[in-house]
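An overview of the molecular structure
Here are the chains, one letter per residue:
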Amino acid sequence: IFSINLFLWFKPDWFWLQFLMVAIGFAAKELIRWRREGRLVHIFNPSSLPLGLVSLVLILTDNTHMTYGQEIATTLFYAPHIYLFIFLIALPGQLLFGVTTMTMSAVLTMYAFGLGYFAATGTYFFIDKYIPIAVFLGMHLLFTDPSTSPRSELGRVIFGALYAASVIVLYSVLGSAGIPTFYDKLLAVPVLNLLVRRIDRFAKFPSLAWIDPARLAI
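Here is a short report on the structure shown in this document. (Residues numbered from 1 in each chain as written. Predicted model: local features only at pLDDT ≥ 70, side-chain atom pairs only at ≥ 80, totals over all residues. Heavy atoms only, no water.)

Attention now goes to the pattern of salt bridges. Across all of its chains, the model carries three salt bridges by this definition. Its salt-bridge partner being Glu-30, residue Arg-33 comes within 4.0 Å of it at the nearest N-O pair. In this structure Arg-33 comes out as partly exposed when scored by relative accessible area, which is 32%. Judged by its relative accessible area of 52%, Glu-30 is exposed. For Arg-151, the salt bridge goes to Glu-37, with nearest N and O atoms at 3.5 Å. (Salt bridge = Lys/Arg side-chain N within 4 Å of Asp/Glu carboxyl O. Buried < 20%, exposed > 50% of the residue type's maximum accessible area, 1.4 Å probe, protein only.)

Time to look at the nonpolar core. Counting 62 residues, the largest nonpolar core has Leu-51, Met-110, Ile-131, Met-139, Phe-143, Tyr-163 and Tyr-183 as its most contacted members. What Ile-131 contacts, discounting residues up to four positions off in sequence, is Tyr-83, Val-107, Met-110, Tyr-111, Phe-136 and Met-139. (Core = buried A, V, L, I, M, F, W, Y, C linked by side-chain atoms within 4.5 Å. Contact = heavy atoms within 4.5 Å.)

Now for unusual backbone geometry. The phi angle at Glu-37 is positive, at roughly 50°, despite the residue not being glycine. Mapped onto the elements of the fold, Glu-37 is located in the loop between strand 1 (33-36) and strand 2 (39-42). For Asp-62, which is not a glycine, the phi torsion comes out positive at approximately 55°. Take Asp-62: it is sitting in the loop between helix 3 (48-61) and helix 4 (69-75). When its relative accessible area of 62% is taken as the criterion, Asp-62 is described as exposed. (Helix = DSSP H or I, 4+ residues; strand = E, 2+ residues; numbered from the N terminus.)

Rendered as structure tokens:
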């Protein structure tokens with residue numbers, strides 16, 4: 001519920017839809033499952049699936065005005081030291097659940113892309129910064145559910161890099177289509193959740209062992 005409210009909030013006249021999003025998240029966790037490593041577990045991140053589905057519906061029906069999504073993405077930056085605050089508030093969960101490599105690879109991938117884009121064009125890809133604050137928030141608190149992400153460390157690195165790449169692509173596509181770009185961080189997570197088993201299998205290729213972060217712990 002906290003994650004959902006951090007990214008999408010319906011205006012008072014349509015606030016009942018906020019409860020529908022929560023219901024979708026709980027229902028998906030209980031009813032949409034698959035078998036991973038001999039266990040029956042939920043497939044989708046409980047907060048990301050309703051956010052992704054509702055975002056898609058809002059885009060297709062041109063009803064973004066029903067939400068405070070754009071305002072949330074914009075006003076997050078007004079708080080002082082917000083990047084540091086998000087990093088510190090997310091750090092305990094990152095370390096406790098072992099998802100630090102996901103966030104780190106997502107941040108580094110987007111930052112590296114931003115540096116390259118700035119060097120090539122003389123301007124920022126995201127208008128005025130390398131990583132927008134709402135995307136930074138998503139990298140720390142939205143896509144990092146350990147139950148719906150890869151199990152292997154290299155898989156989590158790949159997962160994080162794919163999230164950053166998806167945000168970059170979606171930002172470009174949405175902007176070109178005249179659609180509010182704050183949806184960029186919300187749409188891809190359910191798709192990435194569906195790919196986690198393939199990502200883990202790919203991460204186990206012997207030829208990739210030399211870049212596996214798990215080797216550092218040996």
